[in-house]
There are 2 protein chains.
Amino acid sequence: MKVCFIGLGTMGYPMAGHLQQKGFDLSVYNRSKDKAQQWSTQYQIAASATLAKAVAEAEIVAVCLGADADVREVLAGEGGVFSAMPRGGVVIDHSTTSAALAREMAACAQERGISFIDAPVSGGEAGAINGRLTVMAGGDETVFARIEPVLAAYATRYQCLGPVGSGQLAKMVNQICIAGLVQGLAEGMHFGAAAGLNMNAVLDVIGAGAAQSWQMDNRAKTMLAGEFDFGFAVDWMRKDLGYVLDEARQRKVSLPVTALVDQFYGQVQNLDGGQLDTSSLLLALQQGAESRR
Amino acid sequence: MKVCFIGLGTMGYPMAGHLQQKGFDLSVYNRSKDKAQQWSTQYQIAASATLAKAVAEAEIVAVCLGADADVREVLAGEGGVFSAMPRGGVVIDHSTTSAALAREMAACAQERGISFIDAPVSGGEAGAINGRLTVMAGGDETVFARIEPVLAAYATRYQCLGPVGSGQLAKMVNQICIAGLVQGLAEGMHFGAAAGLNMNAVLDVIGAGAAQSWQMDNRAKTMLAGEFDFGFAVDWMRKDLGYVLDEARQRKVSLPVTALVDQFYGQVQNLDGGQLDTSSLLLALQQGAESRR
C-alpha cells in the first residue's frame, strides 16, 4: 500500500518513522526542508522535493499539521493534497482542528473523489515515539477499515466514533476533562506546599483513591520539583481549547471551568511559558502568590 | 487492647464492625439510640448506654462524627470523651474537620494527659464496608505507632503525615484535586452529549490516556446514565470545601477553581441534590442548559 506522510513535526516525525519501520511503501513531505532532511537521513527514505510528487501515487495520505489554516492550505490550497493525489484515495488528518474544518475538508475531498477521516491523536510525543498513540476518528466506517493498517503502525487504540468531525469532538471532550483535572491538581499541589505538607508522602497516601488520575501519576512529582520543560505545550493546549470554546459557544453549551482554565493558560503564556507542559498551571498560581509579597 | 468507637454513621458503622470482627475488646456508643441498637443486633456487642461508660476503660477511643462543632461537643464538651476516658489513652478523630479544630482538640487532650491524632479517611462507604479505607493522619509518630493495629482493621493505607492537623490538611489536598477533576469530567460529559457523541465509545478511547482518572473510571458511566443517588454526598463535600477555603483564606492562598466548584455544589444543593454523589455537578450544568430553553 502506497502511503504518504506530510508534516514531520514533534508528532509526525516519529509517526512517519513507524510507517517506514513497518515496511509501508512510503513517501514523506515537510514544508521546512531541514526537518525533512533530518528525517531522510535517519530513516533512509528521501523526502519528496514537492508535495505534488509526494502524493502523486499515494493511496493514503496522512497529515499531521498545526491549526485549521495550516490544514486548509496543505489539503485544499492551490497545488495542495486534494488536487495532486489520485482519485479514490483517503486523506487522514491527525491534526487537532475545529470540527467545522473537518467537515469543510471532507466536502472538498468529496468533490475530488477522495475520502476524508479526521483523526486527532492523544498520547503526546512519548506515545508517538513508542507507537502507542490513541486515535479518535470520524468518517465513513468502510473508509476507516481501509486505513486501520496505517493507524496500527503508531497507535494502540483507534476507533471510528461517528461521522466526519466526531474525532475532533471526541478530542475536545478529552481536552475539557484534562483542563479541569490539571487545574484541580495544580491547586491541590499549591495548597499543600503552602500548608507545609510533605507532598511526596501525601501523594503516596491519596494517589490510589478518588483523587487519582493519569495527571497525578505522571505530573504531580514533576510539578513539585518545578519541572515543566517537557510534555504537551501550553501553546498547543490553548489552540485546542480555542476550538473547544468556539464549538461550545455555537452549541450554546456553558463550560465555566474550561473557559477559566483557558484564561490561566493565557497567564502562563504571559509568563513566557507557552512551550511548557500543561501542568505549568501551577506557575500561574505561584505567580499570583509571588506578586502579592 | 480496649478500644471504644463512637459515631455509627455511614462510615463509622462498618468501621466499628471491622473492629468487632478483628477481635478487639470493643465498646461502642452512638448519640442516636436506634442506630446503636441496630449495630448491637448485627454485631452482638451491646452499645454502651452512656458515653462515659463507653470510654471508661478504653485505651484508644476512635470517633467518626460530622463537623467541627460535633467533634468539639463529643470530645471536649461537658461529660465528653476527654473528661471520661483514662489518662494515657489516645483519641483518634476520623471526622473531616478544620485543621484548627484538630489543633484545638489536641491541646484539650494534652491538658488531660491524653494523646490526639487527627485521622480523616477517604474511600467512601464502599471502602469502609470493604475495610479498604485510606487514613491521612497527623500527630506524634510514637502515638501513631500505638494506633496502627486499630487502623489496620479498616484501612489498607494509613500514614502519619506530620504534626497534628496534617491529616486534615492532606484530606484538603485530596478534596481540592477532586473538585476540579470532577467538574472537568462533568463539563466533558456535558459537551460530549450536546455534541451528539456516543459517549460510551468516546470513554473507551480516551479512558486510558491523559484524561484518565478514578472519577472517570468509576463515575463517567453513571453520570451518562443520570445515576447520582449513591456515593459521596454533595452536602459533605461542601462541608469539606468550606474548611478548605477557610484554610486557604487564612494562608492567603488563592484556589480559583475550587472556589467556583464549591459554588456549583451550592447550585446542586438548590436543586435538592445535597444527598447526591459529587458527580452530580453534571446536573448543575444541565440545569443551566434546561432553563435556557
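Going along each chain's sequence as written, the residues are numbered from 1 onward. Each chain takes a letter, starting from A, and each ligand takes a number, starting from 1, following the order in which they are written. Only residues with pLDDT of at least 70 are given local features in this predicted model, and only at 80 or more are side-chain atom pairs given and counted; all residues enter the totals for whole chains, interfaces and linings. To obtain the side-chain values, all non-hydrogen atoms of the structure were used and water was disregarded.

As annotated in an unreviewed UniProt entry, chain A is 3-hydroxyisobutyrate dehydrogenase-like beta-hydroxyacid dehydrogenase from Zhongshania antarctica. UniProt positions are given in the numbering used here, feature names are shortened, and annotations may be inferred rather than shown by experiment. The record held by UniProt for chain A lists under Sequence similarities (unreviewed entry) the comment "Belongs to the HIBADH-related family."

Caption draft 1: The arrangement of the sheet that holds strand S6 (residues 121-122) of chain B in detail. Residue and element names in this part refer to chain B. By this definition, two strands are paired if DSSP reports at least two bridges between them. Under the scheme used here, helices are H or I runs from DSSP no shorter than 4 residues and strands are E runs no shorter than 2 residues, and both carry numbers assigned from the N terminus. Strand order in the open sheet made by the three strands is S6-S7-S8, with mixed pairing throughout. The outermost strands of the open sheet, each flanked by one partner alone, are S6 and strand S8 (155-160). Relative to S8, strand S7 (residues 133-137) runs parallel, the two sharing five bridges. Each residue of the ladder has a partner; that of valine 135, found in S8, is tyrosine 158. What makes two residues a contact is simply this: any of their non-hydrogen atoms within 4.5 Å. Interaxial angle, 0 to 180 degrees, is taken between N-to-C directions of lines fitted to C-alpha atoms, where a helix line uses only the stretch in contact. In the packing of helix H8 (residues 141-151) onto the sheet, the strands contacted are S7 and S8, and the crossing angle to S8 comes to about 175 degrees. Helix H9 (residues 166-194) contacts S6 and S7 of the sheet and is inclined by roughly 125 degrees relative to S7.

Caption draft 2: Highlighting the nonpolar core. Core analysis: the largest hydrophobic core is formed by 94 residues, its most contacted members being A:Val173, A:Met189, A:Phe191, B:Val173, B:Met189 and B:Phe191. Setting aside anything within four residues of it in sequence, one finds A:Met189 in contact with A:Met199, A:Leu203, A:Ala220, A:Met223, A:Leu224, A:Leu282, B:Val173 and B:Cys177. Residues belong to one nonpolar core when they are buried, are Ala, Val, Leu, Ile, Met, Phe, Trp, Tyr or Cys, and are joined through side-chain atoms within 4.5 Å. Whether a residue is buried, partly exposed or exposed follows from its accessible area with a 1.4 Å probe, protein chains only, as a fraction of its type maximum: under 20%, in between, or over 50%, in that order.

Caption draft 3: Region of interest: the relation of the copies chain A and chain B. Rotating chain A by 180 degrees and translating it 0.0 Å along the rotation axis places it on chain B, where the RMSD comes to 0.0 Å. Both copies of the chain, as the preceding transformation shows, are related through a two-fold rotation axis. Take the interface residues of chain A: 100% of them recur as interface residues in chain B, which is what a same-surface contact looks like. Only residues with pLDDT of at least 70 in both copies count here: their C-alpha atoms drive the least-squares fit that superposes the copies.

Caption draft 4: Up close: the UniProt feature "domain: 3-hydroxyisobutyrate dehydrogenase-like NAD-binding" (unreviewed entry) in chain A. Per the UniProt record, the feature "domain: 3-hydroxyisobutyrate dehydrogenase-like NAD-binding" (unreviewed entry) sits at residues 165-282 of chain A. The annotated region residues 165-282 of chain A carries 69% helix and 0% strand content, and the separation between its end C-alpha atoms amounts to 33 Å.

Caption draft 5: A look at the environment of B:Ala233. Residue and element names in this part refer to chain B. Here alanine 233 is to be found in the loop between helix H11 (214-224) and helix H12 (234-250). Separated by 46 residues in sequence, alanine 233 and serine 279 have C-alpha atoms that sit 9.2 Å apart. Residues contacting alanine 233, with those up to four places away along its chain left out, are Gly274, Gln275, Leu276 and Thr278.

Caption draft 6: Broad picture of the domain arrangement of chain A. All names here are of chain A. Structurally, chain A comprises domain 1 (2-163) and domain 2 (169-291). Relative to domain 2, the C-alpha centre of domain 1 lies at a distance of 29 Å. With twelve residues of domain 1 at the contact, the number on the domain 2 side is ten residues. Once two parts are joined, some of their accessible surface, as seen by a 1.4 Å probe, is lost; buried area is that loss totalled over both. When domain 1 packs against domain 2, close to 910 Å² is buried across both sides, 62% of that on carbon and sulfur atoms. Three residues, Thr96, Ala99 and Met136, lead the burial of domain 1 against domain 2; their summed loss comes to 41% of the area buried on that side. Salt bridges, as used here, are contacts in which a Lys or Arg side-chain nitrogen is within 4 Å of a carboxyl oxygen on Asp or Glu. At the junction of domain 1 and domain 2, the tally comes to zero salt bridges. Here a polar contact means two N or O atoms within 3.5 Å. Within protein one must be a hydrogen donor candidate and the other an acceptor candidate, and residues neighboring in sequence count only if both atoms are side-chain atoms. Where domain 1 touches domain 2, the interface holds five residue pairs in polar contact (both at pLDDT 80 or more). When the residues that make up the side of domain 1 that touches domain 2 are grouped by side-chain class, the tally is six nonpolar, five polar and one charged. Boundaries between domains were set according to an automatic or database domain assignment. Gly is placed with the polar residues, together with every amino acid not listed as nonpolar (Ala, Val, Leu, Ile, Met, Phe, Trp, Tyr, Cys and Pro) or charged (Asp, Glu, Lys and Arg).

Caption draft 7: Here's a closer look at the packing of H9(B) against H12(B). All names here are of chain B. Interaxial distance between H9 and H12 falls to 10 Å at its minimum, and their mutual angle equals 110 degrees. When the interaxial angle is binned, H9 and H12 end up roughly perpendicular. When you trace H9 past H12, the crossing you get is left-handed. Residues Leu169, Lys171, Met172, Gln175, Ile176, Ile178 and Ala179 of H9 form the contact with H12, whose participating residues are Met237, Asp240, Leu241, Tyr243, Val244 and Glu247. Roughly parallel refers to an angle under 35 degrees, roughly antiparallel to one over 145, roughly perpendicular to one between 65 and 115, and oblique to any angle outside these ranges. By the definition used in this description, the sense in which the near helix is turned from the far one sets the handedness, with an anticlockwise turn below a right angle giving left-handed and a clockwise turn giving right-handed.

Caption draft 8: Representation of the UniProt feature "active site" (unreviewed entry) in chain A. Residues and elements named next belong to chain A. Mapped onto this numbering, the UniProt entry annotates "active site" (unreviewed entry) at Lys171. Among the secondary structure elements, lysine 171 is positioned in helix H9 (residues 166-194). Look past the residues within four positions of lysine 171 in its chain and what remains in contact with it is Thr96, Pro120, Val121, Met136 and Asp240.

Caption draft 9: Molecular detail of the packing of aromatic side chains. Each Phe, Tyr or Trp ring (for Trp, its six-membered ring) is paired with any other whose centre lies within 6.5 Å, and the angle between the two planes then decides the class: stacked below 30 degrees, edge-to-face above 60, tilted in between. Evaluated as defined, the whole model comprises six aromatic pairs over all chains. Between B:Phe5 and B:Tyr154, the ring centres sit 6.4 Å apart and the planes meet at 85 degrees, which makes this aromatic pair edge-to-face. Here B:Phe5, found in strand S1 (residues 2-6), pairs with B:Tyr154, found in the loop between H8 and S8; they are 149 residues apart in sequence, far enough to count as distant. Neither residue differs from the other here; B:Phe5 and B:Tyr154 are each classed as buried. Members of the aromatic cluster, each reached through a chain of ring pairs, are A:Tyr13, A:Trp39 and A:Tyr43.

Caption draft 10: Structural view of the interface of chain A and chain B. Contacts between the two partners involve 60 residues from chain A, matched on the other side by 60 residues from chain B. Roughly 4,900 Å² is buried in total at the junction of chain A and chain B, and carbon and sulfur atoms are behind 71% of that figure. The largest contributions to the chain A side of the interface with chain B come from A:Glu187, A:Phe191 and A:Val205, which together make up 14% of the buried area. Scanning the region where chain A abuts chain B turns up zero salt bridges. Taken together, the links from chain A to chain B amount to 13 residue pairs in polar contact (both at pLDDT 80 or more). Counting only elements with at least two residues in the side of chain A that touches chain B, the list comes to strand S7 (133-137), strand S8 (155-160), H9, helix H10 (199-206), helix H11 (214-224), helix H12 (234-250), helix H13 (256-270) and helix H14 (281-292) of chain A. Top element by residues in the side of chain A that touches chain B is H9(A). It accounts for 21 residues. Residues that form the side of chain A that touches chain B fall into these classes: 37 nonpolar, 16 polar and seven charged.

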